[in-house]
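What follows is each chain in one-letter form.
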Amino acid sequence: MIARRAVLAGLTASAVAGRAIAASIAAGVTRLDPALDAVIDANAQVEVLGRGYRWAEGPVWVPEQNALLFGDPQNNVVHRWTRADGVRPFLSPSGMQGPIPAGVREAGANGLVLDGRGALVIADSGTRAIVRVDLRTKRRTILADRFEGKRFNSPNDLVLARSGVIYFSDPPYGFEGGDASPLREQAVNGLYRLTPDGKVTLVDGELRRPNGVALSRDERTLYVALSDERRPEVLAYTLGADGMPNGRRLFCDMRADHARGLPGLPDGMDVDADGRVFATGPGGVHVLAADGRRLGLIATGKAVANCCVGEGGRSLFLTSHDMLARVSLKPRRGQSGA
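Residues numbered from 1 in each chain as written. Predicted model: local features only at pLDDT ≥ 70, side-chain atom pairs only at ≥ 80, totals over all residues. Heavy atoms only, no water.

Student: Honestly, the sheet that holds strand β24 (residues 284–288) in this entry has me stumped. Any pointers?
Tutor: In sheet architecture, strand pairing relies on hydrogen bonds along the backbone and comes in two forms, parallel and antiparallel. One open sheet holds the five strands; their spatial order is β2-β25-β24-β23-β22, and the pairing between them is antiparallel. At either margin of the open sheet sits one strand with a lone partner, and together these are β2 (28–31) and β22 (269–271). For this sheet the average axis-to-axis angle between neighbouring strands, irrespective of direction, equals 20°. Note that β22 and strand β23 (residues 277–281) share three bridges and pair antiparallel. By the bridge assignment for β23, Met269 is matched with Ala279. (Pairing = 2+ DSSP bridges. Helix = DSSP H or I, 4+ residues; strand = E, 2+ residues; numbered from the N terminus. Axes fitted to C-alpha atoms, helices over the stretch in contact; angles between N-to-C directions.)

Student: When you look at the environment of Gly275 in this model, what are you seeing that I'm missing?
Tutor: For Gly275, the location among the structural elements is in the loop between β22 and β23. Under the relative-accessibility criterion, Gly275 is labelled buried at 13%. In this structure the C-alpha to C-alpha distance between Gly275 and Asp291, which are 16 residues apart in sequence, comes to 9.3 Å. Dropping the residues within four chain positions of it, Gly275 is found in contact with Arg217 and Ala290. (Buried < 20%, exposed > 50% of the residue type's maximum accessible area, 1.4 Å probe, protein only. Contact = heavy atoms within 4.5 Å.)

Student: Explanation requested: the nonpolar core in the structure shown.
Tutor: In summary, soluble globular proteins display a tendency toward joint burial of nonpolar side chains. Of all hydrophobic cores here, the largest spans 20 residues; its most connected members are Ile40, Phe278, Val285, Ile298 and Leu316. Elements with a contribution of two residues or more to this core: β24, β25 (294–299), β26 (306–310), β27 (315–320) and β28 (323–328). When sequence neighbours within four positions are dropped, the list of residues in contact with Val285 reads Phe278, Ala279, Thr280, Gly296, Leu297, Ile298, Val304, Cys307, Leu316 and Leu318. (Core = buried A, V, L, I, M, F, W, Y, C linked by side-chain atoms within 4.5 Å.)

Student: I keep staring at the side chain of Arg276 and nothing clicks. Help me out?
Tutor: Among the structural elements, Arg276 can be located in the loop between β22 and β23. Engagement of the side chain of Arg276 in a polar contact is seen with the side chain of Asp274, the distance being 3.1 Å. Contact partners of Arg276, with chain neighbours within four places excluded, come to Ala38, Val39, Asp270, Val271, Leu288, Ala289 and Leu295. (Polar contact = N/O pair within 3.5 Å; in protein donor to acceptor, adjacent residues only side chain to side chain.)

Student: Would you explain the pattern of salt bridges in this entry?
Tutor: Two side chains with opposite charge may pair up if their charged atoms get near one another. Counted according to the given criterion, the structure contains 24 salt bridges. Among the ionic pairs, Arg83 bridges to Glu311, the shortest N-O distance being 2.7 Å. Highlighted residues: Arg83 in the loop between β6 (77–82) and β7 (86–91) and Glu311 in the loop between β26 and β27, separated in sequence by 228 residues. The class for Glu311 is buried, based on a relative accessible area of 6%. For the salt bridge of Glu233 with Arg231, the shortest nitrogen-to-oxygen distance reads 2.9 Å. (Salt bridge = Lys/Arg side-chain N within 4 Å of Asp/Glu carboxyl O.)

Student: Explanation requested: the sheet that holds strand β17 (residues 200–204) in the structure shown.
Tutor: Strand order in the open sheet made by the four strands is β14-β15-β16-β17, with antiparallel pairing throughout. The open sheet has two edge strands with one neighbour each: β14 (158–160) and β17. Neighbour to neighbour, the strand axes of the sheet diverge by 20° on average, direction disregarded. Where strand β15 (residues 166–169) meets strand β16 (residues 191–194), four bridges bridge the pair, whose relative direction is antiparallel. Within β16, the position partnered with Ser169 by the bridge is Leu191.

Here is the structure:
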């Protein structure tokens with residue numbers, strides 16, 4: 001679709017100073033810590049770039065194209081946004097290539113990342129696999145679709161380490177009926193590690209709803225969001241030299257935000273060049289310092305599924321329910337380019 005642009009009213013820092021976040025939250029920026037001023041202007045506006053998706057997901061910035069790719073898993077499409085052309089379909093189908101069988105809720109691609117060669121790597125909910133797609137030819141290669149001989153549930157989000165290792169989550173969201181689906185083969189909703197030689201290792205099989213994943217800039221910490229109404233948290237795993245966790249701690253507890261009735265649950269994340277974590281959750285995107293301090297909240301007025309930093313650190317893109325949105329960031333000193 002051609003991008004439709006609208007501007008949602010922002011909240012000034014003075015208007016929210018000293019107030020708790022309300023359950024009915026307006027679109028804009030809430031400043032919770034003065035350190036937010038180095039990241040985003042409290043008067044920044046949220047710009048809507050496109051509308052009409054069933055559930056927008058998994059944005060990734062493609063520097064070589066000055067473009068954003070993002071998915072609509074339930075419609076089995078990956079869209080491409082540029083400033084010149086707005087939003088246009090890019091991959092359709094984005095996931096499952098044939099007829100969609102009964103019991104499949106999300107046939108398309110969910111989380112997206114770029115690998116070291118500039119190819120797109122997808123958490124393909126429909127195919128139930130981690131898939132590489134050549135951006136030029138759109139040729140698909142399945143990297144992994146099983147663990148211990150059984151098909152994954154519905155890979156949801158992923159992050160790629162500089163070594164080529166992929167960490168990904170595998171909740172049951174792609175199935176109608178979730179955990180009770182007869183299509184399910186895995187006994188757990190796992191957090192996995194995939195090495196370049198194709199070896200899959202279960203990192204954590206004790207999570208009920210693992211979802212968004214991200215890595216710290218030094219790749220010593222793996223962040224995992226739990227889209228779990230019983231446990232709306234972001235966890236931080238300390239990674240050893242072998243890339244496996246040797247410790248786990250609570251990074252951000254969003255129970256209070258969920259209890260207020262704010263829209264959304266912990267979901268997708270991104271980490272900026274200074275190590276700050278942009279974590280979606282109840283109310284929007286929670287801007288967190290590397291030590292977990294809450295700096296601010298970026299809201300669209302509805303649930304935000306995922307986000308990513310793009311345009312050379314100048315923009316944060318938000319996939320928010322049925323729309324794609326953008327808010328301007330303050331780039332690092334001397335930072336430029338796409």
